[in-house]
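# Structural features, examined
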Amino acid sequence: MAALGIAIGGSNWFSALALGVTLLKCLLIPTYHSTDFEVHRNWLAITHSLPISQWYYEATSEWTLDYPPFFAWFEYALSHVAKYFDQEMLNVRNLNYSSSRTLLFQRFSVIFTDALFVYAVHECCKCIDGKKAGKELTEKPKFILSVLLLWNFGLLIVDHIHFQYNGFLSGLMLLSIARFFQKRHMEGAFLFAVLLHFKHIYLYVAPAYGVYLLRSYCFTANKPDGSIRWNSFSFVRLISLGLIVFLVSALSLGPFLALNQLPQVFSRLFPFKRGLCHAYWAPNFWALYSALDKVLSVIGLELKLLDPNKIPKASMTSGLVQQFQHTVLPSVTPLATFICTLIAMLPSVFCLWFKPQGPRGFLRCLILCALSSFMFGWHVHEKAILLAVLPMRIFIFSLLSVGKAVDASIFLILTTTGHYSLFPLLFTAPELPIKIVLMLLFTTYSISSLKTLFRKEKPLFNWMETFYLLGLGPLEVFCEFVFPFTSWNLKYPFIPLLLTSVYCAVGITYAWLKLYVSVLTDPPVGKTKKQ
């Protein structure tokens, strides 16, 4: 600890933070891992054992390859290291295979690939100015930002306990954002194009990238009032961006186009046969919608307004299931969710075009696109909240918070609520104290550090927001320590998940709306200080 303190006090504090969190990740290696561990083991086996022509057809396991080609090649590269640990993990027929060496390899593969994330965080810190820098190192925005990114609670539990590679992917996103702040737009565009072919969920934030690059890169000048100078449009820049997208897409999809397999690849990437809600309702608008439908169903049965024989059994007894049929409210189709998502995104995109504020405006639009897709998307996973609260989002809110305390408030509400909504992912007893302690430490530091930055301004939370956030404590006590001992536990086992989803959906919806109000009420760039 003394050595760490000396390192933090000197010029190597960033390295000390990175090393510290890496050691923590190593300590988490023996913890519980989800079915995603088997998913990625199976993908290692598919890409290593089979020719490329069979990658998107192989279906021995139910965990078929459903990520874009670049991620498949990523697994292929990892598999050539994995064979030195345990060759058996690369056998497609070895379903649910797990050995100590397999565990070590997969855990360390996540930790090792996080190096890209650490580098991206370092680049992001270069984009932060020191206007609010205090005398102490721990009060400097760069230090606070580094802690919030490197020690992010959501990333730790989802990647290093639950098991995924979000750190690596978020590193690509963070790096592309940093390049925009450094006015290296072509590099930023290239990194995002590559990211799309690693994980297609990032398509949700593509409108922010497209509009920003067109508005702020292809148009090279603005009028004094901030509006477009139309004669400044650069066809060369537009063609350059198009060429980047084309070449990256050709490299990724070209082999499957040559094999005439693009329809099969896309059928794996976009499986619309799944239901509206995931097994555990993601805390979004549809969770509130489905919960309201349940309440109306119960009232309808009590008042004998509904026929019990005509109510789908799954909706009233099984609780939170994938295929959910609404009883009173209209059932929702994929097209309806697409239209709702598009409508929710449009105001932020329009603001990015008509009220440009440089990279800062781009980041806000990026957040709103991510949150809108989470709020209204089809079959949203609970982990998708990481698109809004993972390190790249913390970076975004930290940047925005330098300007206004309200952005810090939004960040804290969204992050705290979004992180708590991930608790059901870790449902085993040994991980209960781990997730509670890590959550408390991260949340306490987040609130105290931002209060330090804004100590001269009004309080970060009003009474209603404070009451809501404090309510997460009693909710956790009830779900983990009270409900299991009640008579409802056997008849209605889904109630803790339902309460968690609905309670968190309220907070996330509030943060989304509050951020939209902040964006829509901001004055045009011509009336603000030049960034």
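Per an unreviewed UniProt entry, the protein carries the name ALG8 alpha-1,3-glucosyltransferase and comes from Ovis aries.

Quick look at the environment of L371 now. One can find L371 in helix α16 (residues 358–376). Taking the relative accessible area as the measure of exposure, L371 reaches 0% and is therefore buried. As a C-alpha pair, L371 and V389 span 18 residues in sequence and 9.3 Å in three-dimensional space. Setting aside its immediate chain neighbours within four residues, L371 contacts I385, A388, L414, I508, W512 and L515.

A separate point is the pattern of salt bridges. Oppositely charged side chains may form a pair once their charged atoms are brought near each other. Throughout the structure, instances matching the rule amount to 10 salt bridges. Put simply, E123 and K126 hold a salt bridge, and the shortest N to O gap is 3.0 Å. Accessibility expressed as a relative area gives 5% for E123, which makes it buried. Put simply, R179 and E187 hold a salt bridge, and the shortest N to O gap is 3.1 Å. A network of salt bridges, in which partner residues are shared, links E123, K126, R179, R184 and E187.

As a further point, take the confidence of the model for the protein. Averaged over all residues, the pLDDT of the protein is 86; the fraction at 70 or higher stands at 88%. pLDDT under 50 marks residues 1–10. Its contacts with residues more than four places away, or in other chains, come to nine contacts.

Right, let's talk about the environment of R229 for a bit. Structurally, the position occupied by R229 is in the loop between α10 (206–218) and α11 (235–258). Non-local contacts of R229, meaning those with residues more than four positions away in its chain, are made with F219, A221, N222, K223 and P224.

Let us look at a nonpolar patch on the surface. Side chains of L335, F338, I339, L342, I343, L346, F350 and F354 sit close together on the surface and give an oily, nonpolar patch of about 830 Å² of accessible area. As for its placement among the helices and strands, I339 is situated in helix α15 (residues 334–354).

Attention now moves to the packing of helix α20 (residues 432–453) against helix α22 (residues 472–482). Packed helix pairs are characterised by how far apart their axes lie and by the angle those axes make with each other. Taken N-terminus to C-terminus, the directions of α20 and α22 make an angle of 170°; their axes are 13 Å apart at the nearest point. By the angle class used here, α20 and α22 are roughly antiparallel. Contact with α20, carried on its side by L432, K435 and I436, involves E476, E480 and F481 of α22 and no other residues of that element. Residue composition of the contact of α20 with α22, by class: three nonpolar, no polar and three charged.

Below, the discussion takes up the nonpolar core. Judged by nonpolar contacts, the single largest core of 90 residues is most densely connected at M173, F198, Y202, V205, Y209, F362 and L366. Here this core takes nine residues from helix α8 (residues 166–181), the largest share from any one element. Aside from chain neighbours lying at most four places away, what touches F198 is Y67, P68, F70, F71, F74, F168, L169 and L172. Ranked by size, the runner-up nonpolar core spans 62 residues in total, among them L422, L450, C479 and V519.

The subject of this paragraph is helix α12 (residues 262–269). Since the α-helix packs 3.6 residues into each turn, any two residues three or four apart lie on the same face. The set of residues buried in α12 consists of L262, V265, R268 and L269. Buried residues in α12, looked at end-on, bunch into an arc of 125°, giving them a common side. Buried positions along α12 lie against α11.

This part is about the side chain of S79. Along the chain, S79 falls in helix α4 (residues 69–82). Discounting chain neighbours no more than four positions away, the residues touching S79 are L44, H48 and L90.

A separate point is helix α9 (residues 185–196). The terminal C-alpha atoms of α9, which comprises 12 residues, lie 17 Å apart, in line with the 16 Å expected from a rise of 1.5 Å per residue. Judged by how many residues are buried, α9 sits mostly within the fold: nine of 12 residues are covered. Restricting attention to buried positions, one finds in α9 the residues H185, G188, A189, L191, F192, A193, V194, L195 and L196. On its buried face, α9 sits against α4, α8, α10 and α11.

We now examine the packing of aromatic side chains. Under the counting rule described, the total for this entry stands at 43 aromatic pairs. When the ring of Y209 is compared with that of F362, the centres are 5.0 Å apart and the planes differ by 80°; the resulting orientation is edge-to-face. Taken together, the residues span a long stretch of sequence, with Y209 in helix α10 and F362 in helix α16 at a distance of 153 residues. In this structure an aromatic cluster arises from ring pairing among F37, W43, Y67, F70, F71, F74, F163, Y165, F168 and F198. Here the guanidinium or amino end of R215 rests over the ring plane of W353, the centre of that ring lying 5.9 Å away. If you follow R237 out to its NZ or CZ, it ends over the ring of Y217, 4.4 Å from the centre.

A few words now on unusual backbone geometry. With a phi angle near 100°, F163 is a residue other than glycine that sits in the positive phi range. Mapped onto the elements of the fold, F163 is located in helix α7 (residues 153–163).

The next subject is the packing of helix α5 (residues 100–125) against α7. For the pair α5 and α7, interaxial distance at closest approach is 9 Å and the crossing angle is 150°. By the angle between their directions, the pair α5 and α7 is classed as roughly antiparallel. Touching Q106, R107, V110, I111, D114 and F117 of α5 are L155, D159, H160, I161 and F163, all from α7.

This next bit is on the side chain of Q261. One can find Q261 in the loop between α11 and α12. In terms of polar contacts, Q261 uses its side chain to reach the backbone carbonyl oxygen of S53, at 2.8 Å. Once residues within four sequence positions are removed from consideration, Q261 is found in contact with I52, S53, Y57 and F256.

The next subject is the environment of V121. As for its placement among the helices and strands, V121 is situated in helix α5. A relative accessible area of 0% places V121 in the buried class. For the pair V121 and L150, spaced 29 residues apart in sequence, the C-alpha to C-alpha distance is 7.5 Å. With residues near it in sequence (within four places) discarded, V121 still touches F14, S146, L149, L150 and L174.

Rules of the game
- Residues numbered from 1 in each chain as written.
- Predicted model: local features only at pLDDT ≥ 70, side-chain atom pairs only at ≥ 80, totals over all residues.
- Heavy atoms only, no water.
- Helix = DSSP H or I, 4+ residues; strand = E, 2+ residues; numbered from the N terminus.
- Buried < 20%, exposed > 50% of the residue type's maximum accessible area, 1.4 Å probe, protein only.
- Contact = heavy atoms within 4.5 Å.
- Salt bridge = Lys/Arg side-chain N within 4 Å of Asp/Glu carboxyl O.
- pLDDT = per-residue confidence, 0-100.
- Patch = residues over 30% accessible without salt bridge, like charges linked within 9 Å, V, L, I, M, F, W, Y side chains within 5 Å.
- Areas by Shrake-Rupley, 256 points an atom, 1.4 Å probe, with all protein chains shown as cover.
- Axes fitted to C-alpha atoms, helices over the stretch in contact; angles between N-to-C directions.
- Parallel < 35°, antiparallel > 145°, perpendicular 65-115°, else oblique.
- Nonpolar A, V, L, I, M, F, W, Y, C, P; charged D, E, K, R; others polar.
- Core = buried A, V, L, I, M, F, W, Y, C linked by side-chain atoms within 4.5 Å.
- Arc of directions from axis to C-beta.
- Expected span 1.5 Å × (residues − 1).
- Phe/Tyr/Trp six-rings, centres within 6.5 Å; stacked < 30°, edge-to-face > 60°.
- Lys NZ or Arg CZ within 6 Å of the ring centre and 35° of its normal.
- Polar contact = N/O pair within 3.5 Å; in protein donor to acceptor, adjacent residues only side chain to side chain.

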